[in-house]
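# Notes for the structure review
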Amino acid sequence: MIWPGRIAIVLAGAALLGGMMQTAPDYNSVVQPFRHHVAAGGTGEARSFRARFTGLRLADRIAFRHFSRDLVRDSDGVFLVAEIEAEARLASQRLDAVWQGASGRRYALSRRAEGIPRGLESRWFQPGLSNRAVAVFELPEDEVAGGALVLTGGFIAVFDSALYLAPPALPERQPIIRFEP
Amino acid sequence: MTETRRTSLLRRLRLRLAASVGVAAAVLVGLWLKVQDARAPQEPPAVTLGQAVDQGRTEITPLSLSLAPPERAGEPGRLLLRARLLNLTGESQFAVFGFPPHPPELASGGVVWPEPEVTLDRDGELLAQLHPRLAERVTLAWQLPPDWQPGPVSLTFHRQIFKLRDNLYGMSNWLLFQPAARMTIMPEGAP
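Just so you know, these numbers come straight off a predicted model, no measurement behind them.

Basis of the calculations
Residues numbered from 1 in each chain as written. Chains lettered and ligands numbered in written order. Predicted model: local features only at pLDDT ≥ 70, side-chain atom pairs only at ≥ 80, totals over all residues. Heavy atoms only, no water. Core = buried A, V, L, I, M, F, W, Y, C linked by side-chain atoms within 4.5 Å. Buried < 20%, exposed > 50% of the residue type's maximum accessible area, 1.4 Å probe, protein only. Helix = DSSP H or I, 4+ residues; strand = E, 2+ residues; numbered from the N terminus. Contact = heavy atoms within 4.5 Å. Pairing = 2+ DSSP bridges. Axes fitted to C-alpha atoms, helices over the stretch in contact; angles between N-to-C directions. Buried area = accessible area lost by both parts, 1.4 Å probe. Salt bridge = Lys/Arg side-chain N within 4 Å of Asp/Glu carboxyl O. Nonpolar A, V, L, I, M, F, W, Y, C, P; charged D, E, K, R; others polar. Domains from an automatic or database assignment. Expected span 1.5 Å × (residues − 1).

Let us now look at the nonpolar core. Ranked by size, the top nonpolar core spans 29 residues in total, and within it L80, L120, F137, L149 and L151 of chain A carry the most contacts. Where this core is concerned, the elements lending two or more residues are β3 (49–66), β4 (69–88), β5 (95–100), β7 (131–139), β8 (148–153) and β9 (161–165) of chain A. Apart from residues lying up to four places away in sequence, L80 of chain A is in contact with L56, R57, L58, W99, A135, V136, F137, L139 and V144 of chain A. Membership of the second largest hydrophobic core comes to 28 residues, among which are F97, L106, V138 and A180 of chain B.

Right, here's the structure in full:
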(Lines give C-alpha, C1' and ligand atoms only; values in the text may rest on other atoms or scores of the structure.)
Protein backbone atom coordinates (compact mmCIF):
# COMPACT_ATOMS: atom_id res chain seq x y z
CA MET A 1 0.00 0.00 0.00
CA ILE A 2 2.97 2.22 0.50
CA TRP A 3 4.03 2.01 -3.16
CA PRO A 4 1.23 4.03 -4.79
CA GLY A 5 1.93 6.85 -2.35
CA ARG A 6 5.63 6.92 -3.15
CA ILE A 7 5.02 6.72 -6.86
CA ALA A 8 2.55 9.60 -6.60
CA ILE A 9 5.14 11.72 -4.75
CA VAL A 10 7.82 11.03 -7.35
CA LEU A 11 5.42 11.75 -10.21
CA ALA A 12 4.26 14.98 -8.59
CA GLY A 13 7.88 16.02 -8.06
CA ALA A 14 8.76 15.27 -11.66
CA ALA A 15 5.73 17.20 -12.89
CA LEU A 16 6.60 20.20 -10.70
CA LEU A 17 10.22 20.17 -11.81
CA GLY A 18 9.22 19.84 -15.46
CA GLY A 19 6.77 22.69 -15.08
CA MET A 20 9.40 24.92 -13.49
CA MET A 21 11.94 24.06 -16.17
CA GLN A 22 9.47 24.86 -18.92
CA THR A 23 8.30 28.15 -17.46
CA ALA A 24 11.61 29.52 -16.11
CA PRO A 25 12.62 32.46 -18.29
CA ASP A 26 16.00 32.03 -19.95
CA TYR A 27 19.00 34.31 -19.51
CA ASN A 28 18.32 36.27 -22.69
CA SER A 29 14.83 37.29 -21.67
CA VAL A 30 15.73 37.95 -18.01
CA VAL A 31 18.75 40.14 -18.69
CA GLN A 32 17.03 42.80 -20.74
CA PRO A 33 16.43 46.50 -20.31
CA PHE A 34 12.94 47.62 -19.30
CA ARG A 35 11.03 48.85 -22.33
CA HIS A 36 9.15 52.12 -22.42
CA HIS A 37 7.23 52.85 -25.61
CA VAL A 38 6.86 56.51 -26.47
CA ALA A 39 4.40 57.86 -29.05
CA ALA A 40 5.62 60.12 -31.86
CA GLY A 41 6.53 63.57 -30.54
CA GLY A 42 6.37 62.54 -26.89
CA THR A 43 9.13 62.78 -24.32
CA GLY A 44 10.28 59.47 -22.93
CA GLU A 45 11.26 59.18 -19.28
CA ALA A 46 13.91 56.58 -18.61
CA ARG A 47 15.45 55.83 -15.21
CA SER A 48 18.57 57.88 -15.86
CA PHE A 49 17.66 60.15 -18.77
CA ARG A 50 14.78 61.68 -20.70
CA ALA A 51 14.70 62.05 -24.46
CA ARG A 52 12.57 63.20 -27.37
CA PHE A 53 12.72 62.19 -31.02
CA THR A 54 12.68 65.61 -32.70
CA GLY A 55 13.42 64.96 -36.36
CA LEU A 56 13.92 62.32 -39.00
CA ARG A 57 15.61 62.66 -42.37
CA LEU A 58 16.37 60.11 -45.09
CA ALA A 59 19.14 60.39 -47.65
CA ASP A 60 20.92 58.39 -50.33
CA ARG A 61 24.27 59.82 -49.29
CA ILE A 62 25.75 61.76 -46.40
CA ALA A 63 28.65 64.19 -46.51
CA PHE A 64 30.74 65.51 -43.64
CA ARG A 65 34.21 66.69 -42.80
CA HIS A 66 36.36 64.55 -40.53
CA PHE A 67 40.02 65.11 -39.67
CA SER A 68 40.29 67.74 -42.44
CA ARG A 69 38.99 65.29 -45.03
CA ASP A 70 35.74 65.73 -46.92
CA LEU A 71 33.92 62.42 -46.80
CA VAL A 72 30.90 61.30 -48.78
CA ARG A 73 29.28 57.99 -47.87
CA ASP A 74 26.84 56.17 -50.12
CA SER A 75 24.81 53.04 -49.47
CA ASP A 76 22.76 50.31 -51.14
CA GLY A 77 20.09 51.14 -48.60
CA VAL A 78 19.28 54.50 -47.15
CA PHE A 79 20.81 56.71 -44.46
CA LEU A 80 18.39 57.47 -41.65
CA VAL A 81 19.33 60.57 -39.71
CA ALA A 82 17.54 60.74 -36.35
CA GLU A 83 17.69 63.97 -34.36
CA ILE A 84 17.13 63.71 -30.66
CA GLU A 85 16.98 66.02 -27.69
CA ALA A 86 17.97 64.49 -24.37
CA GLU A 87 19.14 65.23 -20.88
CA ALA A 88 20.52 63.08 -18.11
CA ARG A 89 18.62 62.82 -14.82
CA LEU A 90 21.13 61.47 -12.33
CA ALA A 91 24.66 61.91 -13.60
CA SER A 92 26.52 62.87 -16.75
CA GLN A 93 26.23 60.06 -19.22
CA ARG A 94 26.31 59.01 -22.83
CA LEU A 95 23.51 57.42 -24.80
CA ASP A 96 23.48 54.59 -27.27
CA ALA A 97 20.94 54.16 -30.05
CA VAL A 98 19.69 51.33 -32.21
CA TRP A 99 17.09 51.44 -34.95
CA GLN A 100 14.66 48.57 -34.63
CA GLY A 101 13.38 48.07 -38.15
CA ALA A 102 9.91 47.09 -39.30
CA SER A 103 11.07 43.46 -39.54
CA GLY A 104 12.40 43.52 -35.96
CA ARG A 105 16.03 43.57 -37.07
CA ARG A 106 18.27 45.88 -35.06
CA TYR A 107 20.56 48.34 -36.80
CA ALA A 108 23.42 49.83 -34.80
CA LEU A 109 24.73 53.36 -35.29
CA SER A 110 26.63 53.48 -38.57
CA ARG A 111 30.37 53.44 -38.01
CA ARG A 112 30.72 54.95 -41.45
CA ALA A 113 29.24 58.16 -40.08
CA GLU A 114 31.61 58.36 -37.14
CA GLY A 115 32.93 61.86 -36.69
CA ILE A 116 29.86 63.76 -37.90
CA PRO A 117 29.20 67.02 -36.06
CA ARG A 118 26.87 66.49 -33.05
CA GLY A 119 27.12 62.72 -33.51
CA LEU A 120 25.49 60.73 -30.71
CA GLU A 121 28.53 58.51 -30.15
CA SER A 122 30.62 61.51 -29.09
CA ARG A 123 27.94 63.32 -27.07
CA TRP A 124 27.69 63.61 -23.29
CA PHE A 125 24.41 64.48 -21.62
CA GLN A 126 24.39 66.40 -18.35
CA PRO A 127 21.69 66.43 -15.67
CA GLY A 128 19.34 69.36 -16.12
CA LEU A 129 20.89 70.48 -19.41
CA SER A 130 19.06 69.63 -22.57
CA ASN A 131 21.34 68.67 -25.43
CA ARG A 132 20.79 67.80 -29.09
CA ALA A 133 22.44 64.97 -30.98
CA VAL A 134 22.25 63.21 -34.31
CA ALA A 135 22.19 59.44 -34.81
CA VAL A 136 22.89 58.02 -38.27
CA PHE A 137 21.83 54.54 -39.33
CA GLU A 138 22.29 52.68 -42.59
CA LEU A 139 19.46 50.31 -43.44
CA PRO A 140 17.15 49.05 -46.22
CA GLU A 141 14.40 51.56 -46.94
CA ASP A 142 11.56 49.18 -46.03
CA GLU A 143 12.85 48.99 -42.45
CA VAL A 144 12.12 52.68 -41.82
CA ALA A 145 8.32 52.80 -41.75
CA GLY A 146 7.07 50.88 -38.72
CA GLY A 147 10.45 51.03 -37.01
CA ALA A 148 11.44 52.68 -33.74
CA LEU A 149 14.46 54.45 -32.32
CA VAL A 150 15.69 52.56 -29.27
CA LEU A 151 17.63 54.74 -26.84
CA THR A 152 19.54 53.25 -23.95
CA GLY A 153 21.88 54.76 -21.45
CA GLY A 154 25.58 54.11 -21.58
CA PHE A 155 27.30 50.98 -22.67
CA ILE A 156 25.19 48.12 -21.33
CA ALA A 157 21.53 48.76 -20.62
CA VAL A 158 20.84 45.57 -18.68
CA PHE A 159 18.29 46.24 -15.91
CA ASP A 160 18.06 49.84 -17.10
CA SER A 161 15.45 51.53 -19.26
CA ALA A 162 15.23 51.43 -23.03
CA LEU A 163 13.08 54.07 -24.70
CA TYR A 164 11.30 52.91 -27.87
CA LEU A 165 10.59 56.21 -29.58
CA ALA A 166 8.11 56.15 -32.46
CA PRO A 167 9.36 58.22 -35.40
CA PRO A 168 7.70 61.44 -36.50
CA ALA A 169 6.09 61.60 -39.97
CA LEU A 170 8.30 60.07 -42.65
CA PRO A 171 10.01 62.66 -44.84
CA GLU A 172 10.94 62.57 -48.52
CA ARG A 173 14.22 60.89 -49.34
CA GLN A 174 16.92 63.45 -50.16
CA PRO A 175 19.81 62.80 -52.54
CA ILE A 176 22.40 64.01 -50.02
CA ILE A 177 22.60 65.43 -46.52
CA ARG A 178 25.57 67.58 -45.59
CA PHE A 179 26.53 67.87 -41.94
CA GLU A 180 27.97 71.29 -41.28
CA PRO A 181 29.99 71.85 -38.12
CA MET B 1 17.48 -27.69 -2.12
CA THR B 2 20.70 -25.81 -1.54
CA GLU B 3 22.01 -26.92 -4.95
CA THR B 4 18.92 -25.58 -6.74
CA ARG B 5 19.14 -22.27 -4.91
CA ARG B 6 22.80 -21.86 -5.81
CA THR B 7 22.08 -22.59 -9.51
CA SER B 8 19.29 -20.05 -9.55
CA LEU B 9 21.50 -17.40 -7.91
CA LEU B 10 24.28 -18.12 -10.39
CA ARG B 11 21.92 -17.79 -13.33
CA ARG B 12 20.56 -14.50 -12.05
CA LEU B 13 24.05 -13.22 -11.43
CA ARG B 14 25.15 -14.26 -14.91
CA LEU B 15 22.16 -12.54 -16.44
CA ARG B 16 22.86 -9.30 -14.58
CA LEU B 17 26.53 -9.50 -15.41
CA ALA B 18 25.74 -9.99 -19.10
CA ALA B 19 23.36 -7.01 -19.04
CA SER B 20 25.95 -4.81 -17.26
CA VAL B 21 28.69 -5.78 -19.68
CA GLY B 22 26.37 -5.05 -22.60
CA VAL B 23 25.46 -1.60 -21.28
CA ALA B 24 29.10 -0.79 -20.48
CA ALA B 25 30.17 -1.91 -23.95
CA ALA B 26 27.48 0.24 -25.58
CA VAL B 27 28.53 3.29 -23.54
CA LEU B 28 32.21 2.76 -24.35
CA VAL B 29 31.59 2.25 -28.06
CA GLY B 30 29.41 5.36 -28.15
CA LEU B 31 32.07 7.39 -26.35
CA TRP B 32 34.80 6.08 -28.63
CA LEU B 33 32.79 6.97 -31.72
CA LYS B 34 32.39 10.51 -30.37
CA VAL B 35 36.11 10.78 -29.67
CA GLN B 36 36.94 9.47 -33.13
CA ASP B 37 34.49 11.90 -34.65
CA ALA B 38 36.08 14.81 -32.80
CA ARG B 39 39.70 13.93 -33.44
CA ALA B 40 39.55 12.76 -37.06
CA PRO B 41 40.07 15.87 -39.16
CA GLN B 42 37.20 16.08 -41.59
CA GLU B 43 38.00 17.59 -44.92
CA PRO B 44 35.61 20.51 -45.41
CA PRO B 45 33.66 20.60 -48.67
CA ALA B 46 35.40 22.18 -51.64
CA VAL B 47 33.95 25.40 -53.03
CA THR B 48 34.70 27.49 -56.09
CA LEU B 49 34.52 31.17 -56.91
CA GLY B 50 30.97 32.46 -56.87
CA GLN B 51 29.77 29.88 -54.36
CA ALA B 52 28.38 31.23 -51.09
CA VAL B 53 29.81 29.92 -47.81
CA ASP B 54 27.87 30.16 -44.55
CA GLN B 55 30.20 31.41 -41.81
CA GLY B 56 27.56 31.57 -39.10
CA ARG B 57 26.98 35.27 -38.59
CA THR B 58 27.77 36.13 -42.18
CA GLU B 59 27.79 34.59 -45.61
CA ILE B 60 30.80 35.11 -47.86
CA THR B 61 30.86 34.66 -51.61
CA PRO B 62 34.41 34.73 -52.99
CA LEU B 63 34.41 36.46 -56.36
CA SER B 64 38.05 36.60 -57.47
CA LEU B 65 41.58 36.05 -56.19
CA SER B 66 44.34 38.00 -57.86
CA LEU B 67 47.86 39.26 -57.40
CA ALA B 68 48.24 43.01 -57.09
CA PRO B 69 51.16 45.40 -56.94
CA PRO B 70 52.15 46.88 -53.57
CA GLU B 71 50.05 49.69 -52.16
CA ARG B 72 53.09 51.85 -51.45
CA ALA B 73 56.65 51.70 -52.74
CA GLY B 74 58.91 49.51 -50.64
CA GLU B 75 56.09 47.22 -49.49
CA PRO B 76 55.61 43.65 -50.69
CA GLY B 77 53.01 42.77 -53.33
CA ARG B 78 49.52 41.72 -52.32
CA LEU B 79 47.08 38.93 -52.90
CA LEU B 80 43.53 40.24 -53.12
CA LEU B 81 40.36 38.28 -52.54
CA ARG B 82 37.28 40.15 -53.66
CA ALA B 83 34.16 38.89 -51.99
CA ARG B 84 30.56 39.68 -51.18
CA LEU B 85 29.52 39.62 -47.53
CA LEU B 86 25.99 39.33 -46.20
CA ASN B 87 24.91 39.53 -42.57
CA LEU B 88 22.67 36.55 -41.79
CA THR B 89 21.69 37.61 -38.28
CA GLY B 90 19.04 40.03 -37.07
CA GLU B 91 21.41 42.72 -35.82
CA SER B 92 24.38 44.73 -37.02
CA GLN B 93 27.55 42.70 -36.67
CA PHE B 94 30.85 44.14 -35.57
CA ALA B 95 32.50 40.70 -35.47
CA VAL B 96 31.98 39.96 -39.15
CA PHE B 97 34.34 36.99 -39.07
CA GLY B 98 33.39 35.91 -35.56
CA PHE B 99 35.13 36.64 -32.30
CA PRO B 100 38.07 36.20 -32.00
CA PRO B 101 38.16 37.02 -35.71
CA HIS B 102 38.63 34.06 -38.05
CA PRO B 103 38.80 35.56 -41.52
CA PRO B 104 39.43 33.15 -44.42
CA GLU B 105 42.71 31.37 -43.76
CA LEU B 106 45.10 31.46 -46.67
CA ALA B 107 47.76 28.76 -46.90
CA SER B 108 50.39 28.12 -49.51
CA GLY B 109 52.66 25.08 -49.41
CA GLY B 110 51.27 24.20 -45.98
CA VAL B 111 52.24 27.59 -44.51
CA VAL B 112 49.41 29.73 -43.15
CA TRP B 113 49.72 33.43 -43.89
CA PRO B 114 48.98 36.15 -41.34
CA GLU B 115 45.44 37.54 -41.22
CA PRO B 116 44.36 39.77 -44.11
CA GLU B 117 43.24 43.38 -44.01
CA VAL B 118 39.55 43.67 -44.85
CA THR B 119 38.41 46.83 -46.60
CA LEU B 120 35.00 47.93 -47.72
CA ASP B 121 35.09 48.48 -51.49
CA ARG B 122 32.47 51.21 -51.21
CA ASP B 123 34.78 53.72 -49.53
CA GLY B 124 38.13 51.95 -49.29
CA GLU B 125 38.19 51.99 -45.50
CA LEU B 126 38.53 49.11 -43.06
CA LEU B 127 35.34 47.13 -42.66
CA ALA B 128 33.91 48.05 -39.26
CA GLN B 129 30.45 46.51 -39.27
CA LEU B 130 27.90 44.76 -41.44
CA HIS B 131 24.18 45.49 -41.28
CA PRO B 132 21.43 42.92 -41.85
CA ARG B 133 20.08 42.72 -45.42
CA LEU B 134 22.77 45.06 -46.76
CA ALA B 135 25.29 42.98 -48.70
CA GLU B 136 28.68 44.62 -49.18
CA ARG B 137 31.59 44.06 -51.52
CA VAL B 138 34.86 43.76 -49.65
CA THR B 139 38.52 43.12 -50.44
CA LEU B 140 40.69 40.92 -48.27
CA ALA B 141 44.36 41.75 -48.80
CA TRP B 142 47.31 39.58 -47.78
CA GLN B 143 50.88 40.78 -48.09
CA LEU B 144 53.00 38.37 -50.11
CA PRO B 145 55.77 36.71 -48.10
CA PRO B 146 59.16 37.60 -49.61
CA ASP B 147 60.05 33.98 -50.43
CA TRP B 148 56.68 33.05 -51.92
CA GLN B 149 56.66 31.44 -55.34
CA PRO B 150 53.43 31.90 -57.31
CA GLY B 151 51.37 28.74 -57.19
CA PRO B 152 48.02 27.44 -56.07
CA VAL B 153 46.84 28.56 -52.64
CA SER B 154 44.17 27.17 -50.39
CA LEU B 155 41.56 29.26 -48.61
CA THR B 156 39.75 27.83 -45.60
CA PHE B 157 36.53 29.43 -44.40
CA HIS B 158 35.40 28.94 -40.81
CA ARG B 159 31.94 28.75 -39.38
CA GLN B 160 30.81 29.48 -35.84
CA ILE B 161 27.88 27.68 -34.24
CA PHE B 162 24.99 29.58 -32.67
CA LYS B 163 23.72 28.21 -29.37
CA LEU B 164 20.51 29.64 -28.01
CA ARG B 165 21.51 28.49 -24.50
CA ASP B 166 25.18 28.05 -23.82
CA ASN B 167 26.47 25.79 -21.08
CA LEU B 168 27.75 28.60 -18.86
CA TYR B 169 24.90 31.07 -18.36
CA GLY B 170 22.22 29.62 -20.59
CA MET B 171 22.51 32.72 -22.78
CA SER B 172 22.68 32.81 -26.56
CA ASN B 173 26.20 32.73 -27.87
CA TRP B 174 28.36 32.12 -30.89
CA LEU B 175 30.82 29.34 -30.20
CA LEU B 176 33.35 26.98 -31.72
CA PHE B 177 34.95 27.65 -35.06
CA GLN B 178 34.94 24.79 -37.54
CA PRO B 179 36.23 24.67 -41.10
CA ALA B 180 33.15 25.18 -43.28
CA ALA B 181 34.65 25.11 -46.77
CA ARG B 182 37.96 25.05 -48.58
CA MET B 183 38.92 26.49 -51.93
CA THR B 184 42.11 25.65 -53.78
CA ILE B 185 42.80 28.15 -56.48
CA MET B 186 45.53 29.64 -58.65
CA PRO B 187 45.60 33.42 -58.19
CA GLU B 188 44.93 35.45 -61.32
CA GLY B 189 47.98 37.28 -62.58
CA ALA B 190 50.37 34.52 -61.46
CA PRO B 191 52.91 33.59 -64.14
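Take the sheet that holds β5 of chain A next. All names here are of chain A. Strand order in the open sheet formed by five strands is β1-β9-β8-β5-β6, and the pairing between neighbours is mixed. What marks the edges here is a single partner per strand, and that holds for β1 (34–38) and β6 (106–108). Sheet twist, expressed as the mean angle between neighbouring strand axes with direction ignored, is 30 degrees. Two elements, β8 and β9, share four bridges in a ladder whose sense is antiparallel. Bridging across to β9, L151 finds its partner in L163.

Another point: the interface of chain A and chain B. Chain A puts 23 residues into the contact, and the matching count from chain B is 23 residues. Of the roughly 1,900 Å² buried where chain A meets chain B, counting both sides, 46% is carbon and sulfur surface. Notably, a salt bridge pairs R122 of chain B with D74 of chain A, separated by 3.6 Å at the nearest N-O pair. Those elements that provide at least two residues to the side of chain A that touches chain B are α2 (27–30), β4, β6 and β7 of chain A. Take the side of chain A that touches chain B: its biggest share by element is seven residues, from β4 of chain A. Tallied by class, residues from the side of chain A that touches chain B come to seven nonpolar, four polar and 12 charged.

This brings us to the domain arrangement of chain B. Entries for chain B in the domain assignment read domain 1 (1–41) and domain 2 (53–185). The distance between the C-alpha centroids of domain 1 of chain B and domain 2 of chain B comes to 50 Å.

Counting along an α-helix, one turn takes 3.6 residues, and residues three or four places apart therefore face a common direction. With 22 residues, helix α1 (residues 2–23) of chain A extends 32 Å from end C-alpha to end C-alpha; this agrees with the ideal 32 Å at 1.5 Å per step. For α1 of chain A, the buried fraction is low: zero of the 22 residues fall into the buried class.

Another point: the environment of L58 of chain A. Residues and elements named next belong to chain A. Examined against the element boundaries, L58 turns out to sit in strand β3. Relative accessible area serves as the criterion here: at 4%, L58 is assigned to the buried category. Spatially, the C-alpha atoms of L58 and E141 are 9.0 Å apart, while their sequence positions differ by 83 residues. If we ignore the near neighbours within four places in the chain, the residues touching L58 are V78, F79, L80, V144, P171, E172, R173, Q174 and I177.

Below, the discussion takes up the pattern of salt bridges. This structure, assessed with the given rule, holds 25 salt bridges over all chains. A salt bridge links D160 of chain A to R47 of chain A, with the shortest nitrogen-to-oxygen separation between them at 3.2 Å. Note that D160 of chain A is positioned in the loop between β8 and β9 and R47 of chain A in the loop between β2 (43–45) and β3, a separation of 113 residues in sequence. Of the residues examined, D160 of chain A reaches a relative accessible area of 10% and is grouped as buried. Each of R69, R73, D74, D76, R112 and E138 of chain A together with R122, D123, E125 and E136 of chain B takes part in a single network of salt bridges with overlapping partners.

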